[in-house]
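Fold and contact review
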Amino acid sequence: MPKDSGIGASPKRREDVRFLTGNGNYTDDINAHGQAYVHFLRSDLAHGKINGIDTAAAEAMPGVVRIFTAADFEAVGGVPCGWQITDRHGEVMQEPKHPILAEGKVRHVGEAIAAVVADSPEQARDAAEAIELDIEELPAVIDMKAAVADSSVKVHDDLTSNLCFDWGFVEENREAVEQAFQDAAHVTTLELINNRLIANPMEPRVAIGEYNRSSDDSTLYTTSQNPHVIRLLMGAFVLGIPEHKLRVVAPDVGGGFGTKIFHYAEEAFCTFAAKACNRAIKWTSSRSEAFMSDAHGRDHVSKIELALDADNNFTAVRTDTYANMGAYLSTFAPAVPTWLHGILMAGNYKTPLVYVNVKAVFTNTVPVDAYRGAGRPEATFQLERVVDKAARELGVDPIALRRQNFITEFPYATPVAVEYDTGDYNATMDKLEEIADLSGFATRRAASEAKGKIRGLGVNCYIEACGIAPSNLVGQLGARAGLYESATVRVNATGGLVVMTGSHSHGQGHETAFPQVIAEMIGIDESMIEIVHGDTAKVPMGMGTYGSRSLAVGGSAMVKATEKIIAKAKKIAAHLMEAADADIELKDGQFSVAGTDKSVAWGDVTLAAYVPHNYPLEDIEPGLEETAFYDPSNFTYPSGAYACEVEVDPDTGKVSIERFSAADDFGNIVNPMIVDGQVHGGIGQGIGQALLEGCVYDENGQLLSASFMDYAMPRADDLPFYAVDHSCQTPCTHNPLGVKGCGEAGAIGSPPAVVNAVVDALQSAGKNVTHIDMPLSPGRVWAAMNG
Amino acid sequence: MYNFDYEAPSSVAEAVAALAAEDAQALGGGQTLIPTMKQRLAMPSTLVSLSGIAEMKGFDVGNGAVTIGGNVTHAVVAAGAGAYPALAELASHIGDPAVRNRGTIGGSLANNDPSADYPAAALASAAVIVTNAREIAADDYFQGMFTTALEDGEIITGVRFAVPEVANYQKFVQPASRFALVGVFVAKHADGVRVAVTGASEEGVFRWAAAEAALNDSFSADAVADLAVDPANMIGDLHGTKAYRAHLVGVMTKRAVAAAT
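For clarity, every value in this text was computed on a predicted model and none was experimentally measured. Along each chain, residue indices are assigned from 1 in the same order as the chain's sequence is written. Labels are handed out in written order, letters beginning with A for the chains and numbers beginning with 1 for the ligands. The predicted nature of this model means local features are confined to residues of pLDDT at least 70 and side-chain atom pairs, given and counted, to a pLDDT of 80 or more, with totals for whole chains, interfaces and linings taken over all residues. Excluding hydrogens and water, the side-chain figures rest on all heavy atoms present in the structure.

What to know about the overall build of chain A
Note the cut-off: The numbering of helices and of strands both runs from the N terminus, where a helix is a DSSP run of H or I of at least 4 residues and a strand a run of E of at least 2. Radius of gyration: over C-alpha atoms. The globule rule applied is 2.2 Å multiplied by the number of residues raised to the 0.38 power. Buried residues are those whose accessible area, probed at 1.4 Å on protein chains only, stays under 20% of the maximum for their type, while exposed residues exceed 50% and partly exposed ones sit between those limits. Throughout, a contact is declared for two residues whenever any of their heavy atoms are within 4.5 Å. In this description, accessible areas are obtained by the Shrake-Rupley approach with a 1.4 Å probe, and a residue is regarded as covered only by the protein chains that are shown. Charge assignment: positive for Lys and Arg, negative for Asp and Glu; neither His nor the chain ends contribute. For this purpose, a charge sits on NZ of Lys, CZ of Arg, CG of Asp or CD of Glu.
Counting its regular elements, chain A contains 19 helices and 28 strands. For 787 residues, the compact-globule estimate of 2.2 N^0.38 gives 28 Å, and the C-alpha radius of gyration of chain A, at 27 Å, lies within 12% of that figure. Overall, chain A is about 85 × 75 × 55 Å in size when its C-alpha atoms are taken along their principal axes. Within chain A, the fraction of its 787 residues that count as buried is 62%. When contacts within chain A are restricted to residue pairs at least 6 apart in sequence, those whose partners lie at least 24 apart make up 80%. Accessible area for chain A stands at about 27,400 Å²; split by element, carbon and sulfur atoms hold 50% of it. Once the 62 positive and 104 negative side-chain charges of chain A are each reduced to a mean point, those two points are 1 Å apart.

A closer look at the overall build of chain B
Within chain B, the secondary structure is distributed over ten helices and twelve strands. Whereas a compact globule of 261 residues would reach a radius of gyration of roughly 18 Å, chain B reaches 18 Å, a difference of no more than 12%. With 261 residues in all, chain B has 53% of them scored as buried. Counting only contacts in chain B whose residues sit at least 6 apart along the sequence, the fraction spanning at least 24 positions is 58%. Element-wise, carbon and sulfur atoms account for 50% of the exposed surface of chain B, whose accessible area totals about 10,800 Å². Of the side-chain charges in chain B, 16 are positive and 27 negative, and the distance between the mean point of each set is 8 Å.

Details of the nonpolar core
All names here are of chain A. Formally: In plain words, nonpolar cores are sets of buried Ala, Val, Leu, Ile, Met, Phe, Trp, Tyr and Cys residues tied together by side-chain atoms within 4.5 Å.
Counting residues in each nonpolar core, the largest one holds 131 residues, and the members touching the most others are V648 and F660. The greatest single-element share of this core, amounting to ten residues, is contributed by helix α18 (residues 745-764). In this structure, V499, V517, M558 and I674 belong to the second largest nonpolar core, which totals 45 residues.

Examining the domain arrangement of chain B
Residue and element names in this part refer to chain B. Applicable threshold: These domain limits were set by an automatic method or by a database of domain assignments. For any pair of parts, buried area is found by adding up, for both, the accessible area (1.4 Å probe) each one loses once the two are put together. Between Lys or Arg on one side and Asp or Glu on the other, a salt bridge is scored when a side-chain nitrogen of the former is within 4 Å of a carboxyl oxygen of the latter. Here a polar contact is recorded for every N or O atom pair within 3.5 Å, except that within protein the pair must consist of a potential hydrogen donor and a potential acceptor, and residues adjacent in sequence are included only if both atoms are side-chain atoms. Residue classes follow a fixed rule: Ala, Val, Leu, Ile, Met, Phe, Trp, Tyr, Cys and Pro count as nonpolar, while Asp, Glu, Lys and Arg count as charged, and any other residue, Gly among them, counts as polar.
Entries for chain B in the domain assignment read domain 1 (5-49), domain 2 (56-162) and domain 3 (166-260). Distance between the C-alpha centres of domain 1 and domain 2: 19 Å. When domain 1 packs against domain 2, close to 720 Å² is buried across both sides, 70% of that on carbon and sulfur atoms. Considering only the surface of domain 1 that becomes buried against domain 2, V12, G29 and Q31 emerge as the three largest contributors, covering 54% of it. The tally of links between domain 1 and domain 2 comes to zero salt bridges. Where domain 1 touches domain 2, the interface holds zero residue pairs in polar contact (both at pLDDT 80 or more). In terms of residue class, the side of domain 1 that touches domain 2 is built from four nonpolar, four polar and no charged.

Describing the environment of D44 of chain A
All names here are of chain A. The topology assignment puts D44 in the loop between β1 (36-42) and β2 (48-54). Classification of D44 as exposed rests on a relative accessible area of 58%. Taking C-alpha positions, D44 is 6.4 Å from G110, a pair spaced 66 residues apart along the chain. The residues touching D44, leaving out its near neighbours within four places in the chain, are V109 and Q702.

Side note on a nonpolar patch on the surface
Residues and elements named next belong to chain A. Threshold: Patch membership requires over 30% relative accessible area and the absence of a salt bridge. Like charges are linked within 9 Å, and nonpolar side chains (Val, Leu, Ile, Met, Phe, Trp, Tyr) within 5 Å.
A contiguous nonpolar surface patch, about 240 Å² in accessible area, is contributed by L607, Y610 and V611. Note that Y610 resides in helix α16 (residues 602-610). Given a relative accessible area of 35%, Y610 falls into the partly exposed group.

Concerning the domain arrangement of chain A
Residues and elements named next belong to chain A. By the assigned domains, chain A splits into domain 1 (15-22 + 484-630), domain 2 (31-138 + 202-255 + 260-293) and domain 3 (373-464 + 637-785). With 15 residues of domain 1 at the interface, the matching set in domain 3 holds 15 residues. Summed over both sides, the interface of domain 1 with domain 3 buries roughly 1,100 Å², with 63% coming from carbon and sulfur. Among the residues of domain 1 in contact with domain 3, Q516, S548 and L551 are the three that bury the most area, contributing 37% of the side total. Joining domain 1 to domain 3, the criterion identifies zero salt bridges. Among the elements of the structure, α14 (510-522) and α15 (550-576) are those that each provide at least two residues to the side of domain 1 that touches domain 3. The greatest single-element share of the side of domain 1 that touches domain 3, amounting to five residues, is contributed by α15.

A few points about the interface of chain B and chain A
Each side of the interface is counted separately: chain B has 21 residues, and chain A has 23 residues. Sorting the residues of chain B by area buried against chain A places R40, R178 and L238 of chain B first, and these three jointly supply 31% of that buried surface. There are six salt bridges connecting chain B and chain A. With a closest N to O distance of 3.3 Å, R255 of chain B and D651 of chain A form a salt bridge. Counting residues per element, the side of chain B that touches chain A draws most heavily on helix α10 (residues 242-260) of chain B, which supplies seven residues.

A few points about the pairing of β2 of chain A
In summary, the side chains of a regular strand alternate between the two faces of the sheet. Residue and element names in this part refer to chain A. Note the threshold: Only strands that DSSP links by at least two bridges are regarded as paired with each other.
Examined bridge by bridge, β2 and strand β4 (residues 105-106) share two bridges and lie antiparallel to one another. If you follow K49 over to β4, its bridge partner there is K105. Direction of pairing for β2 relative to strand β6 (residues 132-137): antiparallel, over a ladder of six bridges. The partner of D54 across the bridge, within β6, is E132.

As for the packing of aromatic side chains
Spelled out, the test is: Note on aromatic pairs: the rings of Phe, Tyr and Trp (six-membered ring only in Trp) are paired at centre separations within 6.5 Å, and the planes decide the class, stacked below 30 degrees, edge-to-face beyond 60, tilted for the rest. Only Lys NZ and Arg CZ are tested; either one counts as a charge over a ring when it is within 6 Å of the ring centre and within 35 degrees of the ring normal.
Tallying each qualifying case throughout the model produces 33 aromatic pairs over all chains. Ring centres 5.4 Å apart and planes at 90° place the aromatic pair F410 of chain A and Y425 of chain A in the edge-to-face group. Of this pair, F410 of chain A sits in the loop between α10 (398-405) and β16 (412-413) while Y425 of chain A sits in helix α11 (residues 425-435), and the two are 15 residues apart along the sequence. On the numbers, 5.4 Å between centres and 70° between planes, the contact of Y462 of chain A with Y642 of chain A is edge-to-face. Of this pair, Y462 of chain A sits in strand β18 (residues 454-463) while Y642 of chain A sits in strand β26 (residues 639-648); the two residues are 180 residues apart in sequence, bridging distant segments of the chain. Through successive ring pairs, a cluster of aromatic residues spans F40, F68, F73, F269, F272 and W283 of chain A. Above the ring of Y264 of chain A, the side-chain terminus of R205 of chain A is found at 3.6 Å from the ring centroid. Cation over ring: K188 of chain B sits above F219 of chain B, and NZ or CZ is 6.0 Å from the ring centre.

Regarding the pattern of salt bridges
The final tally for this structure, using the stated rule, is 60 salt bridges over all chains. The partner of D16 of chain A in a salt bridge is R13 of chain A, with the nearest N and O atoms 2.8 Å apart. One salt bridge in this structure joins D126 of chain A and R40 of chain B, with 2.8 Å as the shortest N-O distance. Of this pair, D126 of chain A sits in helix α3 (residues 121-129) while R40 of chain B sits in the loop between α2 (33-38) and β3 (46-49), placing the two residues on different chains. Judged by its relative accessible area of 28%, D126 of chain A is partly exposed. For R40 of chain B, a relative accessible area of 9% corresponds to the buried category.

Structural notes on α15 of chain A
Residues that lie three or four places apart on an α-helix share one face, since the helix turns once every 3.6 residues. Rules: By definition here, a helix of n residues has an expected span of 1.5 Å times n minus one.
The terminal C-alpha atoms of α15 of chain A, which comprises 27 residues, lie 37 Å apart, in line with the 39 Å expected from a rise of 1.5 Å per residue. Of the residues one or two after α15 of chain A, E578 of chain A is the one with positive phi, at around 55°.

So, a negative patch on the surface
All names here are of chain A. On the surface, a cluster of negative charge is made up of D581, D583, E585, E618 and D619. In this structure, D581 sits in the loop between α15 and β22 (584-587). Its relative accessible area of 40% is what places D581 among the partly exposed residues.

See the structure below:
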């Protein structure tokens, strides 16, 4: 009988009531008294020298408050990067200034050149059209390999080249890996592209800056996954506003997927301009602006090699990747192709030697940063594609080859600097074989053939590192921030609790799942617990939500704070019942004295804490409020096995996903329904990447996929019903709930399954196709079949 | 969007008069025009809405023809053109329900998007485009991408389709927009087969003469199995090469014939 409350139950998401009835409070729903509106004049050239900006005519237009250009921002900083990479030669990365408005040059289509503040959005836009720009077009740097090979045209003239860094990991293994390849019985090589994506959350970005002249306080309302991080980055590095004078609010946020982690120039602009104009300033991105100003994702060009011995044991993995940074370094951009990618290149396998080389490259494109999975999908895709290719080359079963090389003993120290605490990769593979009914595949293939379709089966594993991250470790790796989380639990006199968490919910369901944990710990109804997040004035500190960290890190902080609450409440209860602290037990919301029938209710104790007439005032303070910070000692390592079955139409190349199965190990689970939803969404995005989504620039740096007319998002009828299972559970050993992250797994694990399936289908039809680059559009599949 | 004036005439004559204003623009369902205006890529001085004109709402079946008023929506055609099932089926797959409940047949034909569905139906059906001023044969009407025989201020008041003996439309959608990457409408009339192709050509909707000749000899999928269009004039873009579109023209034609027989 499933539980109906607490850990392991699946109560419906309480936040959905407001979302589904139109009562969400999104940033664009907020309007400040007397607000003005900003319109950004954006570059339609990818690369150009700014010779002049004439705003005279525009300033005379109706409703114009003020027009800003780079000259207005000389006294403030650029948009900072939060991670510094040291390359394989010991040099720190090249780090160009990222101005609020274009300075001297424009470096990508969509870069803001000038900002018009006016009484209405239409007036701001009208005036922006009256600005006269004198921009001399320069050749665009688009292709990464060409940009590195020839730096005669540089994105940043003050840098030595277009190469941001040349990272080697583990650099000391470079020679040993080379030797392993020379000694190998078999080497499989695969060149592939991890296609550039545009996240496209349903809600575009919005920012509202406010300034209070009487208190000298600034407030920013913004569509962010981590308001405290924005407060720190923008306050300390851009505008010079101390944290006690700056409030950042991220209310309901309509999807993030990573692209709302980062600090954006528009946020700093609105905060700065609100003070400069002494008016609230609002910006709402249009969908067209979002395509060319939200940070993009992925965009790696890689070569991966796998060495095997004569018994088909993996002996070494080597990869060579070009990672697109775009024109500027977005907040976490340098971390994505390095530490979030290199440490996953062992995958689920006991490969003893790994070497990863990553060249990060500046191009005249929108900055590229984390997108659901962030580096880990790129690692998984390379590894699981090359293993599949190796199995085909060797004529062995791809599942058997994987099983033969699985890591089976834990904890396991990989050759790429991380230690997997727990996992059972054979268990998830067993479960996958069951839920995907792999034994029935041959029958289904025959049925497809009978109707003129080619059926293929793709299987892969994944391991990911999430629950980001131990602060001391990431500090050594170049992070300019700690990656702990905090929670404050405030108990009110009548027994209700308010949890102020630094985790930000933008679709994840924290408002439902977090109370389940506390309800379980205290034994009270979930309705007594309220989750507060997304406001630096309400939540003391927070690092936000990304990297599948909310429950593993934010939830752990909440558990620790709640443990402190319970410990103090037990002291109060002991006093009320005239017993020793150590004899107090808490169960079902009742404090009792062990071995007696004496008890007091949760509400009696909380009331005593605030009405301390009978209270141990000499020992403890009144009140019941505790804060805890939790800094994880390791990543968590979710893993799983995925299977995809496709039908390919041989006449058109169209791929239809017929079955998709996912067996995941997320450790302990708080709300299975929410986990199902996270996996479903992740797989949807993974299938989107594999079949549909592709951000395309032409050689001049024009964005060809600049709207939904040309950028294909997955829709319901593109996706099958999923078979999802998370009954294989090896709990995390180092956080109090034993949980691992589940938010990114689907997007990490699914693309290789899809591509493996299509390659399987084509090979079964006698086509000599070993790889097709994503998205596997009908035209590409048809060309591969007829190439 | 820039400011504009809005007129809502109740008769074709009033609409024609309103369209005489400088930079006036007729508004059908607005499924192309309104997004274009929102992006400030069009700035008509006056929008003349045709949706309130009763004489353009007609739906007439008889004498082997279906005549549809210019401001009839795709949803109404999908539900009501039972006398011409292939046309009703085509209409039921234009865009999504929101588009089908606003977009009109007159608007679609006047716009002549190279990836739109109706132009293929009109051309394959030897339809007659009826305007406030004249009747135009489909063969004379379509003149290339977004280009038609319409004069400035001329309004499509209706379209008269000759109902073929058999017909079928096959659409292979572009994955993002779900417009036709290639759409082929095959119609077998008493006086011959017509094959019209949309989505594929840089010159807009066209008749595939070689396929028509082969199907006049033998109306079977096999008859067109070995035919191919010249890729040179096909559209090549990020959704499909010229060669791929040329290939799809063959595949969709075969499927349309097979479905029609």
